[in-house]
Amino acid sequence: QVQLVESGGDLVQPGGSLRLSCAASRSTFSMGAMGWYRQAPGKEREFVATITRIGVTNYADSVKGRFTISRENAKNTVYLQMNSLKPEDTAVYYCNALSGQYIYWGQGTQVTVSS
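The model shown is predicted, which means the values in this text are computed figures rather than measured ones. (Residues numbered from 1 in each chain as written. Predicted model: local features only at pLDDT ≥ 70, side-chain atom pairs only at ≥ 80, totals over all residues. Heavy atoms only, no water.)

Draft legend 1. Quick look at the sheet that holds strand 7 (residues 67-72). Reading across the sheet, the four strands line up as 1-3-8-7 and stay open at both edges, with antiparallel pairing between neighbours. For this open sheet the edge positions go to strand 1 (4-7) and strand 7, each flanked by a neighbour on one side alone. For this sheet the average axis-to-axis angle between neighbouring strands, irrespective of direction, equals 15°. Pairing between strand 1 and strand 3 (residues 18-24): four bridges, direction antiparallel. If you follow Val5 over to strand 3, its bridge partner there is Ala23. (Pairing = 2+ DSSP bridges. Helix = DSSP H or I, 4+ residues; strand = E, 2+ residues; numbered from the N terminus. Axes fitted to C-alpha atoms, helices over the stretch in contact; angles between N-to-C directions.)

So this is what it looks like as structure tokens:
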């Protein structure tokens, strides 16, 4: 079992920045890929970014060049640095982690981009 706890969501103006964190309940050294997804009101959950155990990253086209995913295994944490935020980035952001044959999800953190 792995518990994931997201934090860092907030209300921010367009063009602003936020850093989300996802803390795992046990070591992430042996976990597979970890990632971020988001779900806006009335929409399906969508992929945002992922990072493998060795640091290979992948991003959705909509966030490429603005968001950066990173992973700090010594702190059992994955981050999502979000810059140049837009109103369409408003959503609940979830992190997930692959461990063995299971995928674990956090409870989400709300990001609202509005003036």
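After that view of the structure, there is still more to cover.
Draft legend 2. Molecular detail of the state of the cysteines. Applying the stated criterion across every chain yields a total of one disulfide. Through a disulfide, Cys22 is tied to Cys95; the S-S separation comes to 1.9 Å. What sets the handedness of the Cys22 and Cys95 disulfide is the S-S torsion sign, and at about 45° it is right-handed. Taken as a pair, Cys22 in strand 3 and Cys95 in strand 9 (residues 91-99) lie far apart in primary sequence, 73 residues in all. Like Cys95, Cys22 is buried. (Disulfide = S-S within 2.5 Å. Buried < 20%, exposed > 50% of the residue type's maximum accessible area, 1.4 Å probe, protein only.)

Draft legend 3. Seen up close, the side chain of Asp89. The residue Asp89 is located in the loop between strand 8 (77-82) and strand 9 in this model. In this structure the side chain of Asp89 is engaged in a polar contact, spanning 2.8 Å, whose partner is the backbone nitrogen of Lys86. Dropping the residues within four chain positions of it, Asp89 is found in contact with Arg38, Arg66, Phe67, Ser84, Val111 and Val113. (Polar contact = N/O pair within 3.5 Å; in protein donor to acceptor, adjacent residues only side chain to side chain. Contact = heavy atoms within 4.5 Å.)

Draft legend 4. Broad picture of the packing of aromatic side chains. Considering all chains together, one arrives at three aromatic pairs under this definition. Ring geometry for Tyr37 against Trp105: centres 5.2 Å apart, planes inclined by 70°, an arrangement best described as edge-to-face. Placement of the pair is Tyr37 in strand 4 (residues 34-39) and Trp105 in strand 10 (residues 102-105), with a sequence separation of 68 residues. Residue Trp105 is classed as partly exposed on the basis of its relative accessible area of 35%. (Phe/Tyr/Trp six-rings, centres within 6.5 Å; stacked < 30°, edge-to-face > 60°.)

Draft legend 5. Spotlight on the pattern of salt bridges. Counted under the stated rule, the structure contains four salt bridges. Put simply, Glu46 and Arg38 hold a salt bridge, and the shortest N to O gap is 2.6 Å. We classify Arg38 as buried; its relative accessible area is 6%. Between Lys64 and Asp61 there is a salt bridge; the shortest N-O distance is 3.1 Å. Judged by its relative accessible area of 66%, Asp61 is exposed. One connected set of salt bridges, linked through shared partners, spans Arg38, Glu46, Arg66 and Asp89. (Salt bridge = Lys/Arg side-chain N within 4 Å of Asp/Glu carboxyl O.)

Shape descriptors only; they carry no functional weight alone.
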